[in-house]
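Residues per chain are reported as follows:
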Amino acid sequence: MNDPLQQLIEAIKVGNRKIAATATQTALDSGSSGKEVLGALSEGMDDVGKRFKANEIFVPEVLVAARAMKKSMELLEPILVKSGIKPEHTLVIGTVKGDLHDIGKNLVAMMMKGANFNVIDLGTNLPAQTILDAAIEHKADLVGLSALLTTTMPAMRETVALMNKEPHPFKIIVGGAPITQDFADDIGADGFAIDAASTVELARTLVTSS
Amino acid sequence: MNQSSKKQSNGFNEMKAAPETLKYSVIACDVFKEELESLGGEKPPWSGIQYLEMGLHDQPDLLRKSISIALRKLEMNASIEAIVFVYGLCGTGLVGISPSRCPIIIPRAHDCVSILLGSPKRHSEILQKYPEAYFYSPGWVRGKRAPGPDREKHLRAFYTQRYGDDQELVDELLEADKESFAHHNCAAYVDLTQNEKAEDYCKSCAHSLGWKFRKLEGDPRLLHDLLYGPWDDKRFLIVQPGRSIALSTDSKVLREQ
Ligand code: B12
């Protein structure tokens, strides 16, 4: 296990922050590109997500893995900035009113940062107007809404409705465990993604198609 | 009597009007044990309750699988004519469940919180009013699942068994669990059974977390009528054999498809 990228993947899987940091540094020092490091992070988190779905690990383990990923990203960010790859697109993201779940939303935000988006994370329990105001203020290309409760799906619908009342320059993407493509279509969102990795793909497609 | 005026073509009007002549069994989340024991009295009209573990709700797929297995088993008992589910939609845990022989009766509820508060409407109103509330009930307290000292003890024991040689990791996992409640600031206690012990425990959780304690009035009518009828369409969904439970994104919460 000398390959630092392999080491990084393993460190994410078990949520070891320290090894994640040293492996990231070693990988970068020995010439790995930012993209390769991101690939490793994504592979590690993907495995974590799968084991969570399969009931092998629980929420705290997912959170600890996410922290390790964050640690690695902190080392990566200055490298990305130095290499002159400036984020071209801005994502404003948050969890809708009444809903305090943010683990999935945070993962999406992190992956999107890694994919070189400028990410403005507004937090949780957000009134529709707050999200709309922030989208305008930050000149968002994308607005991401998260809901984990069927109880707050109506709040997601209202938020999209408020935004779609007036023409706007951004695309709206939605997600969270109870959300489906059908629901996204029904409420007038522009896209839905099932997890963080596919959110990156979706986001890229949406910003290049506009 | 709360009769639904809508004509139903499913032939279960009799069942709704007179569940007392019907032989039905109950599948319930273990979180409702206290409430069901108090509502059931000495001689409940249903034939048997099967409780499923409340922790299943963390994994909607597993919940769905476990309920489906329990349902199949009950349906093999030829004397059972219908099955009452003491569950809400529970995320999407109940979506896709389909009876093969017995109609299922399920309340239009998002989860146990809607059921204890009496309606999804009241649940939504309270959620919008106190978004930072974490709900407690006697069942949540017994299950050691709500944030507080019991959960911490339970989780530490679990992770020590799993990663015992790495205490640093165990500490970090517990810290992460705590962090996941950081947005909450209120323990909201809902009880239909005057369980003082559970209420006191909830107060002690609020105290140890630095949260407010708030007692919410429970409303037993939805749960009562789920168990005894009438099963009007406004508050209950009846899923016919061959059909399945689906999410309804309007105020009806559930539909069959
Ligand atoms: C962890 C958790 C909690 C934690 C939340 C911690 C936190 N900071 O987020 C705590 C314990 C605090 C909590 C609280 C509550 N919870 Co909770 N919780 C869960 C649980 C177990 C896991 C959610 C999770 O984090 N999954 C892991 C992440 C990685 O997955 P994810 O969120 O789905 O995100 C992925 C995708 O959906 C997608 N995605 C997510 N957001 C977005 C956004 C965009 C734009 C896109 C494109 C994609 C996307 O990408 C993500 C990454 O791959 C779920 C059950 C489940 N397994 O879903 C219940 C669940 C959501 N909770 C539930 C309940 C009932 C509650 C409480 C009401 C309990 C109570 N007694 O009070 C409170 C609600 C508080 C509130 N007002 O929000 C129910 C919801 C029922 C309902 N009404 O719909 C669930 C479904 C459990 C159940 N079956 O009953 N919960």
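Residues numbered from 1 in each chain as written. Chains lettered and ligands numbered in written order. Predicted model: local features only at pLDDT ≥ 70, side-chain atom pairs only at ≥ 80, totals over all residues. Heavy atoms only, no water.

1. Describing the overall build of chain B
In step 1: Secondary structure summary: chain B contains ten helices and ten strands in total.
In step 2: With the C-alpha coordinates aligned to their principal axes, the bounding extent of chain B is approximately 60 × 40 × 35 Å.
In step 3: By the burial criterion, 52% of the 257 residues in chain B qualify as buried.
In step 4: For chain B, the proportion of contacts with a sequence separation of at least 24, taken over those separated by at least 6, is 64%. (Helix = DSSP H or I, 4+ residues; strand = E, 2+ residues; numbered from the N terminus. Buried < 20%, exposed > 50% of the residue type's maximum accessible area, 1.4 Å probe, protein only. Contact = heavy atoms within 4.5 Å.)

2. Quick word on helix α6 (residues 128-137) of chain A
Residues and elements named next belong to chain A.
In step 1: Among the residues making up α6, those that are buried are Ala128, Ile131, Leu132, Ala134 and Ala135. All buried residues of α6 project into a common sector of 165° when viewed along the axis, lining one side. Exposed and oriented more than 90 degrees from the buried face of α6 are Ile136 and Glu137.
In step 2: Its buried side turned inward, α6 meets β1 (89-95), β3 (142-146) and α7 (153-164).
In step 3: Residue Lys139 follows α6 closely and has a positive phi angle near 50°. (Arc of directions from axis to C-beta.)

3. Focus: the environment of Leu107 of chain A
Residues and elements named next belong to chain A.
In step 1: Position of Leu107 among the secondary structure elements: in helix α5 (residues 103-114).
In step 2: Each C-alpha atom of the pair Leu107 and Met69 lies 9.4 Å from the other, and the pair is 38 residues apart in sequence.
In step 3: Those residues in contact with Leu107, other than ones at most four positions away along the chain, are Met45, Val62, Ala66 and Ala196.

4. Examining the site of the ligand
In step 1: The environment of the ligand is formed by 44 residues, the closest being His101, Asp102 and Thr150 of chain A together with Asp58 and Asp111 of chain B.
In step 2: Near the ligand, the surrounding residues belong to chains A and B.
In step 3: Contact distances for the ligand include 2.8 Å between a nitrogen atom and a side-chain N or O atom of Ser146 of chain A.
In step 4: Gly176 of chain A places a polar main-chain atom, nitrogen or oxygen, 3.4 Å from an oxygen atom of the ligand.
In step 5: Of all the elements in the fold, those that place two or more residues in the shell around the ligand are α5, β3, β4 (171-175) and α9 (196-209) of chain A together with β5 (133-136) of chain B.
In step 6: Here the element with the most residues in the shell around the ligand is α5 of chain A; it accounts for five residues.
In step 7: Its residues assigned to classes, the shell around the ligand comprises 23 nonpolar, 15 polar and six charged. (Near = heavy atom within 4 Å. Polar contact = N/O pair within 3.5 Å; in protein donor to acceptor, adjacent residues only side chain to side chain. Nonpolar A, V, L, I, M, F, W, Y, C, P; charged D, E, K, R; others polar.)

5. Side note on the coordination of the cobalt atom of the ligand
Ideal coordination angles are 109.5 degrees for a metal with four donors arranged tetrahedrally and 90 or 180 degrees for a metal with six donors arranged octahedrally.
In step 1: Counting protein donors around the cobalt atom of the ligand gives one, His101 of chain A (NE2), at 2.4 Å.
In step 2: Residue placement: His101 of chain A occurs in the loop between β1 and α5. (Donors = N, O, S within 2.8 Å, 3.2 Å for Na, K, Ca; no water.)

6. Quick word on the pairing of strand β3 (residues 82-86) of chain B
Residues and elements named next belong to chain B.
In step 1: Burial analysis of β3 places five of its five residues in the buried class, which makes it a mostly covered element.
In step 2: Residues of β3 alternate between two faces, with Ala82, Val84 and Val86 on one and Ile83 and Phe85 on the opposite face, all of them buried.
In step 3: Here strand β1 (residues 24-29) runs beside β3; their pairing, made up of five bridges, is parallel. Residue pairing in the sheet places Ile27 in a bridge with Phe85 of β3.
In step 4: Summarising the sheet, β3 and strand β4 (residues 104-107) pair through two bridges and their orientation is parallel. Counterpart to Ile83 in the pairing with β4 is Ile104. (Pairing = 2+ DSSP bridges.)

7. Concerning the interface of chain A and chain B
In step 1: If you look at the interface, chain A gives 30 residues, while chain B gives 31 residues.
In step 2: Taken as a group, Arg67, Leu100 and Thr151 of chain A account for 23% of the area that chain A buries against chain B, more than any other trio of residues on that side.
In step 3: In this structure, the connection of chain A to chain B is made through six salt bridges.
In step 4: Between Glu168 of chain B and Lys18 of chain A there is a salt bridge, with its nearest N and O atoms 2.8 Å apart. (Buried area = accessible area lost by both parts, 1.4 Å probe. Salt bridge = Lys/Arg side-chain N within 4 Å of Asp/Glu carboxyl O.)

8. Section: the state of the cysteines
All names here are of chain B.
In step 1: This model, assessed by the stated rule, comprises zero disulfides over all chains.
In step 2: Lacking any disulfide linkage, Cys112 is separated from the closest cysteine sulfur, that of Cys29, by 6.6 Å.
In step 3: Left without a disulfide partner, Cys202 is nearest to the cysteine sulfur of Cys205, which lies 6.0 Å away.
In step 4: On the basis of relative accessible area, Cys202 is assigned to the buried category, the value being 0%. (Disulfide = S-S within 2.5 Å.)

9. Regarding the nonpolar core
In step 1: Judged by nonpolar contacts, the single largest core of 103 residues is most densely connected at Leu145 of chain A together with Phe85, Val86, Leu94 and Tyr136 of chain B.
In step 2: In this structure, Ala20, Ala27, Leu76 and Leu91 of chain A belong to the second largest nonpolar core, which totals 44 residues. (Core = buried A, V, L, I, M, F, W, Y, C linked by side-chain atoms within 4.5 Å.)

10. Considering the domain arrangement of chain B
Residue and element names in this part refer to chain B.
In step 1: Parsing chain B into structural domains produces domain 1 (3-114 + 220-256) and domain 2 (120-217).
In step 2: Each of domain 1 and domain 2 has a C-alpha centre, and these two points are 27 Å apart.
In step 3: Each partner contributes residues to the interface: domain 1 has 19 residues there, and domain 2 has 14 residues.
In step 4: Approximately 1,400 Å² of surface area, both sides summed, lies buried where domain 1 meets domain 2, with 64% of it carried by carbon and sulfur atoms. (Domains from an automatic or database assignment.)

11. Let's talk about the side chain of Asp225 of chain B
Residue and element names in this part refer to chain B.
In step 1: Secondary-structure assignment places Asp225 in helix α10 (residues 221-228).
In step 2: A relative accessible area of 15% means that Asp225 is categorised as buried.
In step 3: For Asp225, the contacting residues outside a window of four places in its chain are Pro230, Trp231, Arg235 and Phe236.

12. Considering the domain arrangement of chain A
Residue and element names in this part refer to chain A.
In step 1: Partitioning chain A into structural domains gives domain 1 (4-83) and domain 2 (90-209).
In step 2: Domain 1 and domain 2 are separated by 24 Å when their C-alpha centres are compared.
In step 3: Contacts between domain 1 and domain 2 engage eleven residues on the former and six residues on the latter.
In step 4: Both sides of the domain 1 and domain 2 interface together cover about 830 Å² of buried area, and 82% of this is carbon and sulfur.
In step 5: Put simply, domain 1 and domain 2 have zero salt bridges between them.

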